[in-house]
Amino acid sequence: MTDPAPRDDDGDAEERGIPTPWWQDQYDVGGLGMARFFAWAGLLLGAGALAIAVFAPLEGQALRTVWIAGFGAAAMWVPWMAIPRYRRAGVAVSWAVPVAMGLGALAILAAIYAFVVIWAASGGVILPAPDYWLGPPAPSAPGVPT
């Protein structure tokens, strides 16, 4: 097997003054533009994950908390990819990165608490939580006063 034929833009684009797109750098992994994209996308994911964690009607189904924790983990992972790109560009890391990671962590903690609330409610222990996290009450037997 032979090496591919060399192209005109192999490694010397910067030497010739050819600008690279905002999403690339000399290593084709993304420059400062991708770092900013990851930071702001992570911030939006974090805000959305926290909103879902607090306002989602779980209705007593504990497995729904897994999705919330997954969105929280994505909200932490996406801005984490921005850090090396900021450092390679020689720029300070944006404030959006730690805020996004904090929002993702809060979403995961809310999902853990929601799971504990649902699990405790199945055993008869009611912890403070929104009503829409717990399922509807079981119907009482007909003719039995409650």
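A brief report on the enclosed structure follows. (Residues numbered from 1 in each chain as written. Predicted model: local features only at pLDDT ≥ 70, side-chain atom pairs only at ≥ 80, totals over all residues. Heavy atoms only, no water.)

Some remarks on the environment of Phe38
The residue Phe38 is located in helix 1 (residues 32-55) in this model. The sequence separation of Phe38 and Val78 amounts to 40 residues, and the corresponding C-alpha distance is 5.7 Å. Excluding residues within four positions of it along the chain, Phe38 makes contact with Val78, Pro79, Met81, Ala82 and Arg85. (Helix = DSSP H or I, 4+ residues; strand = E, 2+ residues; numbered from the N terminus. Contact = heavy atoms within 4.5 Å.)

Considering the pattern of salt bridges
Scanning the entire structure with this criterion turns up 1 salt bridge. Among the salt bridges present, the one from Glu59 reaches Arg64, with a minimum N-O distance of 3.9 Å. On the basis of relative accessibility, which here comes to 43%, the residue Glu59 falls in the partly exposed class. (Salt bridge = Lys/Arg side-chain N within 4 Å of Asp/Glu carboxyl O. Buried < 20%, exposed > 50% of the residue type's maximum accessible area, 1.4 Å probe, protein only.)

Some remarks on unusual backbone geometry
For Glu59, which is not glycine, the phi dihedral falls at a positive 50°. One can find Glu59 in the loop between helix 1 and helix 2 (64-80).

Some thoughts on the packing of aromatic side chains
A ring pair, where both rings are aromatic, is described by two values, the distance of the centres and the angle of the planes. Applying the stated criterion across every chain, the model contains 3 aromatic pairs. Between Phe37 and Phe38, the aromatic rings sit 5.9 Å apart at their centres with planes inclined by 50°, giving tilted as the arrangement. Residues Trp40 and Trp95 carry aromatic rings whose centres are separated by 5.3 Å and whose planes lie at 90° to one another, so their mutual orientation is edge-to-face. Of this pair, Trp40 sits in helix 1 while Trp95 sits in the loop between helix 3 (82-89) and helix 4 (96-122), and the two are 55 residues apart along the sequence. When its relative accessible area of 53% is taken as the criterion, Trp95 is described as exposed. (Phe/Tyr/Trp six-rings, centres within 6.5 Å; stacked < 30°, edge-to-face > 60°.)

With respect to the environment of Tyr132
Along the polypeptide, Tyr132 turns up in the segment after helix 4. In sequence terms Tyr132 and Ala56 are 76 residues apart; their C-alpha atoms lie 7.7 Å from each other. Look past the residues within four positions of Tyr132 in its chain and what remains in contact with it is Val54, Phe55, Ala56, Pro57, Leu58 and Glu59.

A word on the packing of helix 2 against helix 3
For the pair helix 2 and helix 3, interaxial distance at closest approach is 5 Å and the crossing angle is 15°. With respect to their mutual orientation, helix 2 and helix 3 come out roughly parallel. Residues Val78, Pro79 and Trp80 of helix 2 lie in contact with helix 3, whose contacting residues are Ala82, Ile83 and Pro84. Here the contact of helix 2 with helix 3 is composed, by residue class, of 6 nonpolar, no polar and no charged. (Axes fitted to C-alpha atoms, helices over the stretch in contact; angles between N-to-C directions. Parallel < 35°, antiparallel > 145°, perpendicular 65-115°, else oblique. Nonpolar A, V, L, I, M, F, W, Y, C, P; charged D, E, K, R; others polar.)

Quick word on a nonpolar patch on the surface
A cluster of nonpolar side chains, Leu106, Leu109, Ile112, Phe115, Val116 and Trp119, forms an exposed patch at the surface whose accessible area comes to about 620 Å². With respect to the helices and strands, Trp119 occurs in helix 4. (Patch = residues over 30% accessible without salt bridge, like charges linked within 9 Å, V, L, I, M, F, W, Y side chains within 5 Å. Areas by Shrake-Rupley, 256 points an atom, 1.4 Å probe, with all protein chains shown as cover.)

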